[in-house]
Amino acid sequence: MTRRNDGLIGGWAEAQRQEQRRQDAQRRTREQQRREAERQQRAAERAMAQAHREQQAAYKQRREADARLRTDEIEARVAVLEGLLAAGCRGPAFRTSAMLRAEHVEPFQPGHLAVAVPAPVEANYQPAQGGWGFGPSAQARAEARARFERDWYAAQDAEAQRLRQLEAYRQQYQQWAETTLTQIRHHNAQVRTLGDTLRRGDPDAAVQYFSAALYSSAAWPDGFPHQVAAAYDRGTRELVLDWQLPGIDVVPEAKAVRYMPSTDQDKEVARPVTQRRALYRDVLAQTVLLVLREVFAADEFGALESAVVNGFVDDRDPATGRPAKIVLASLRATRADFTRLDLARVSAQDCLADALDGKLSARPDQRTAVRAVRRPDEVGGSAAVVSHADDDAVPNLLEMDPIAFEGLVAELFRARGLQAVTTQRSGDGGVDVEALDPDPLSGGKIVVQVKRYRHTVPPTAVRDLYGTVHDVGANKGVLVTTSSFGPTSYTFARGKPLTLINGDELVDLLAQCGLRGRLGTGDTPGGAGGPAAGSGGGGRGGSRTSRGDAVPGPRASSGRASGPGAAATPDGTLPANGFAVPAAGDPPAEDAAVLGMTWSGGVALDVCALVCRGDRVLGDDFFVFYNNPATPDGTVRSVAARGSDKAAVAVRFDALPARADRVVLVAAIDPAVNPTADLSGFTDAAIRLSNASGTELDRLAVSDGRAGETALVLGSFRRRANGDWKFVVGGRGYPDGLEPLLADFGVEVA
């Protein structure tokens, strides 16, 4: 019994020992796992801390690099100011040869008018075979022959019309080219005789020539003003100038920029006040000496014995509180004294005050004035005084009195050879100016509406003008604005006796007719500012390079025919001179796909594109057509057709806005070319897909046109979920033209 119990107890004890060992093993395993997890966690934390430190270090380096870049920009600006005179002395001297214009014009480019209308091929009109092996019936042959003859005669008519338009455009181009060359040669002849005029001491020629030299100089840094009043004393052969100086803000207030990690902000280190004042005073001295250098260097004809320069700033007279020109520097220098100087090496302030005995304000930052040696308005006798003012001297059309603005527009029409009067302020039926073109062929009554807007003119204004034209029985309506028109306004005006003149065109037209006006505080092409580089000055009040040398485009529009040398206008708009200029298009970008449209038949079409989300266009600016040749971001734009293409659009699919999921191509009859046509002549149509270099990648078939329809959805490129694009054929036609089609895509049509 004892032995049996001993065996039982021994077995139980052994089992307990085994269980204990198993539990100990499990405990050791868990302990090892815990220690390993803790070790891995500590390693991960160390790695995260290291990455965080590295990120912080990289971020700090980026911020410090940005601060250094800003510091470098400040130092570069200061270096330009310190070396202003030396850099200007290295520049070329102004010469009359710079005013000469090349005696050539753009070659004749008829565009689509150079492409003959293809004649139909009778073999393509063979009737289908009859059943049971019999040939086509007599009726089928007769119908096929009738279709062929109809299309053949239509093609002949279209070709005859193309030839007429081509000849008319050729004559228009020839007239423009001859007039332009005559103007260029006349200009060059005047330039060549300028030297003799200057040698004789003509005051007008001297003032205009030396003003042009100052304005054309490339020595002036950005932000420096360009305003001059000049007079020439013929008796003493002395040029007297008032030249505007920059303000103290031209010198940076900051000396450097430092990144502060504690606040995570950039801190500008202020430039010492005394250093900023000294640099500003030195800049003024350099500017005055540089003016002298420019005029003496430009005097290739010996017209100057001496020159007086008064440097001034526009400010308020501390005694009267009224605006005044405060002279901060003034000196007179003879040619002999000036030519002895090595300007590139002088100390500007010492040279002005000591070598040339000039006057320089001790505290120009506080507008402490000096006495001018001689002012332009003090030059008597046979002197000529001309002031080329800044924008403030030219009326701002946006701030002009409404009645005065209407009067200015009426004066513009009178300057262009029309009879024009402003209407009464009440009961005028929406007409601001009534004009009469006396031309017996293209003339007649013209009603003009004037919109002094800052924002885009709504399409309803164009529609209202069209109604007014009909109500008063006018031949034409003109809408003049200081702002701009949207694509839908141009779409509505197309093919109608309407002309739209935007703000930029208005300023150009005013300048051509010797009138003055500007838009806001920007550039003033109508006589504000001085002569453009190489222009030679022009008349009193300044001049500019005319845009009248632009080649007229082949598209004809309703209205008064233009004269050669008329102002160029934005591509596709209807200028006051009577014809629009279609854009030829710049070469497509390297990453663009070119969608070239080709079709048979003699019908002339406008191919347009809409960038959409679903069936709604992203905005009016994303409707690409002849008056809006590109989207705002340039991802879709019209380009010149190549090869057999009759129209082309370049699309940068990868760069399209993220919200855009389709690009829709549409076509519509061109009413200016085929006013009575429909899309029955739109056959064998296809989209030729090619890359920017012209290599054809694919040819996508589209639906043919149908009789009675004048606009058609060709198809759309749709974005897939994976980012690829798929072409979906369209086919929906519209009998009433482009306007209802655009309305279906959400484009506001007047």
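You'll find the structure just up there.
Here is what the cut-offs are and how they apply
- Residues numbered from 1 in each chain as written.
- Predicted model: local features only at pLDDT ≥ 70, side-chain atom pairs only at ≥ 80, totals over all residues.
- Heavy atoms only, no water.
- Helix = DSSP H or I, 4+ residues; strand = E, 2+ residues; numbered from the N terminus.
- Buried < 20%, exposed > 50% of the residue type's maximum accessible area, 1.4 Å probe, protein only.
- Contact = heavy atoms within 4.5 Å.
- Areas by Shrake-Rupley, 256 points an atom, 1.4 Å probe, with all protein chains shown as cover.
- Pairing = 2+ DSSP bridges.
- Axes fitted to C-alpha atoms, helices over the stretch in contact; angles between N-to-C directions.
- Core = buried A, V, L, I, M, F, W, Y, C linked by side-chain atoms within 4.5 Å.
- Salt bridge = Lys/Arg side-chain N within 4 Å of Asp/Glu carboxyl O.
- Expected span 1.5 Å × (residues − 1).
- Parallel < 35°, antiparallel > 145°, perpendicular 65-115°, else oblique.
- Left-handed = near helix turned anticlockwise from the far one by under 90°.
- Nonpolar A, V, L, I, M, F, W, Y, C, P; charged D, E, K, R; others polar.
- Polar contact = N/O pair within 3.5 Å; in protein donor to acceptor, adjacent residues only side chain to side chain.
- Phe/Tyr/Trp six-rings, centres within 6.5 Å; stacked < 30°, edge-to-face > 60°.
- Lys NZ or Arg CZ within 6 Å of the ring centre and 35° of its normal.

A few words now on the overall build of the chain. A count of helices and strands for the chain gives 13 helices and 25 strands. Across the 750 residues in the chain, those meeting the buried criterion constitute 44%. Across the chain, the fraction of contacts at a sequence separation of at least 24, relative to all contacts at a separation of at least 6, is 67%. Approximately 37,500 Å² of the chain is accessible, and the part contributed by carbon and sulfur atoms is 50%.

Attention now moves to unusual backbone geometry. The backbone of Arg 237 shows a phi angle near 55 degrees, a positive value even though the residue is not glycine. Here Arg 237 lies in the loop between β1 (228-233) and β2 (238-244). Notably, Asp 684 is not glycine yet its phi reads approximately 50 degrees, a positive angle. Tracing the backbone shows Asp 684 in strand β21 (residues 683-691).

All right, on to the sheet that holds strand β9 (residues 419-422) then. Taking strand neighbours across the sheet as the criterion, the 5 strands line up as β9-β10-β11-β12-β13 in an open arrangement whose pairing is mixed. The outermost strands of the open sheet, each flanked by one partner alone, are β9 and β13 (498-501). Neighbour-to-neighbour, the strand axes of the sheet open up by a mean angle of 20 degrees, direction not taken into account. Helix-sheet contacts for helix α10 (residues 459-472) involve β11 (444-451), β12 (476-481) and β13, and the interaxial angle to β11 is about 150 degrees. Where helix α12 (residues 503-512) meets the sheet, it contacts β12 and β13, and its direction lies at approximately 85 degrees from that of β13.

Core analysis: the biggest nonpolar cluster contains 66 residues, and Leu 610, Phe 682 and Leu 741 have the highest contact counts within it. With sequence-adjacent residues up to four places away left out, Leu 741 is seen in contact with Val 666, Ala 711, Leu 712, Val 713 and Tyr 734. The next biggest cluster of nonpolar side chains, apart from the first, holds 61 residues, and it includes Leu 85, Tyr 215, Val 291 and Ala 307.

It is worth spelling out the pairing of strand β19 (residues 647-651) at this point. Burial analysis of β19 places 5 of its 5 residues in the buried class, which makes it a mostly covered element. Burial along β19 is two-sided: Ala 647, Val 649 and Val 651 facing one way and Ala 648 and Ala 650 facing the other are all buried. One ladder, built from 5 bridges, connects strand β14 (residues 593-600) with β19; its direction is antiparallel. For Met 597, the partnering residue across the bridge sits in β19 and is Ala 647. In this structure, strand β18 (residues 636-639) lies alongside β19, joined through 4 bridges in antiparallel fashion. Bridged to Val 639 within β19 is Ala 648.

Let us now look at the environment of Ala 298. As for its placement among the helices and strands, Ala 298 is situated in helix α6 (residues 273-298). Judged by relative accessible area, which is 0%, Ala 298 ranks as buried. Separated by 204 residues in the primary sequence, Ala 298 and Phe 94 have C-alpha atoms spaced 4.9 Å apart. Setting aside its immediate chain neighbours within four residues, Ala 298 contacts Phe 94, Arg 95, Tyr 209, Phe 210 and Ala 213.

Turning next to the pattern of salt bridges. If you walk through the whole model with that rule in mind, you get 43 salt bridges. Taking the shortest distance from any N to any O, the salt bridge between Asp 196 and Arg 199 comes out at 3.1 Å. Here the residue Asp 196 and the residue Arg 199 both occupy positions in helix α4 (residues 194-199), the gap between them amounting to 3 residues, near one helical turn. When its relative accessible area of 41% is taken as the criterion, Asp 196 is described as partly exposed. Under the relative-accessibility criterion, Arg 199 is labelled partly exposed at 46%. Because the salt bridges share partners, they merge into one network encompassing Arg 63, Arg 70, Asp 264, Asp 266 and Glu 268.

The next thing to look at is the pairing of β14. The buried fraction of β14 is high, at 7 of 8 residues. Judged from the 7 bridges that link them, β14 and β21 form a sheet pairing that is antiparallel. The partner of Leu 595 across the bridge, within β21, is Leu 689.

Time to look at α6. What sets the pattern is the α-helix's 3.6 residues per turn: residues three or four places apart point alike. Over its 26 residues, α6 extends 38 Å from the first C-alpha to the last, a length consistent with the 38 Å expected when each residue adds 1.5 Å. In terms of burial, α6 is largely enclosed, as 19 of its 26 residues are buried.

On to the sheet that holds strand β22 (residues 696-701), then. Read across the sheet, 5 strands follow the order β18-β19-β14-β21-β22 without closing on themselves; strand pairing throughout is antiparallel. With partners counted over all chains shown, the strands left at the sheet margins are β18 and β22, one partner each. Shown here is a sheet whose adjacent strand axes are inclined to one another by a mean of 25 degrees, direction ignored.

When two helices pack together, their arrangement is captured by the angle between the axes and the distance separating the axes. Orientation of helix α5 (residues 203-216) relative to α6, taken along the N-to-C sense of each, is 125 degrees, at an axis distance of 9 Å. It follows that α5 is oblique to α6 by the angle criterion. Crossing of α5 against α6: the hand is right-handed. Taking contact as the criterion, the partners of Tyr 209, Phe 210, Ala 213 and Leu 214 in α5 are, on α6, Val 291, Glu 294, Val 295 and Ala 298. Split by residue class, the contact of α5 with α6 holds 7 nonpolar, no polar and 1 charged.

Our focus in this paragraph is α12. Most of α12 sits out of view: 7 of its 10 residues are buried. When we look at burial in α12, the residues that qualify are Gly 503, Glu 505, Leu 506, Val 507, Asp 508, Leu 509 and Leu 510. In this structure, the buried side of α12 is in contact with α9 (402-415), β12 and β13. The N-capping residue of α12, defined by a side-chain oxygen 3.3 Å from the backbone nitrogen of Asp 504, is Asn 502.

Before going further, it helps to examine the environment of Ala 369. Among the secondary structure elements, Ala 369 is positioned in the loop between β7 (359-360) and β8 (384-388). In the structure, Ala 369 is positioned 42 residues away from Val 327 in sequence and 5.4 Å away in space, judged by C-alpha atoms. Aside from chain neighbours lying at most four places away, what touches Ala 369 is Ile 326 and Val 327.

When we look at a pair of aromatic rings, we describe it by the centre distance and by the angle of the planes. Applying the stated criterion across every chain, the model contains 19 aromatic pairs. Each ring, one from Tyr 125 and one from Phe 148, has its centre 5.5 Å from the other, and the planes form 70 degrees; the classification is edge-to-face. Separated by 23 residues along the polypeptide, Tyr 125 in the loop between α2 (84-90) and α3 (138-192) and Phe 148 in helix α3 bring together distant segments of the chain. As far as burial versus exposure is concerned, Tyr 125 and Phe 148 are alike and both buried. Geometrically, the ring pair formed by Phe 717 and Phe 727 is tilted, given 4.9 Å between the ring centres and 50 degrees between the ring planes. Residue Phe 717 is found in strand β23 (residues 711-719), and its partner Phe 727 is found in strand β24 (residues 725-729); the two are separated by 10 residues along the sequence. Among the aromatic residues, those joined into a ring-pair cluster are Phe 94, Tyr 209, Phe 210 and Phe 301. Taking the ring centre of Tyr 466 as reference, the NZ or CZ of Lys 496 above it sits at 5.7 Å.

A few words now on the environment of Ala 355. Checked against the element boundaries, Ala 355 lands in helix α8 (residues 348-355). Remark: the alpha-carbon pair of Ala 355 and Asp 337, spanning 18 residues in sequence, is separated by 8.6 Å. Beyond its immediate chain neighbours, meaning those up to four positions away, Ala 355 contacts Leu 341 and Asp 350.

What follows concerns the packing of α6 against α8. The contact between α6 and α8 brings their axes to 8 Å, and the two run at 60 degrees. Between α6 and α8, the crossing angle belongs to the class labelled oblique. Classified by chirality, the crossing of α8 by α6 is left-handed. From α6, Ala 278, Arg 281, Asp 282, Ala 285, Gln 286, Val 288 and Leu 289 reach across to α8, where they touch Ala 348, Gln 349, Cys 351 and Leu 352. Residues of the contact of α6 with α8, tallied by class, amount to 7 nonpolar, 2 polar and 2 charged.

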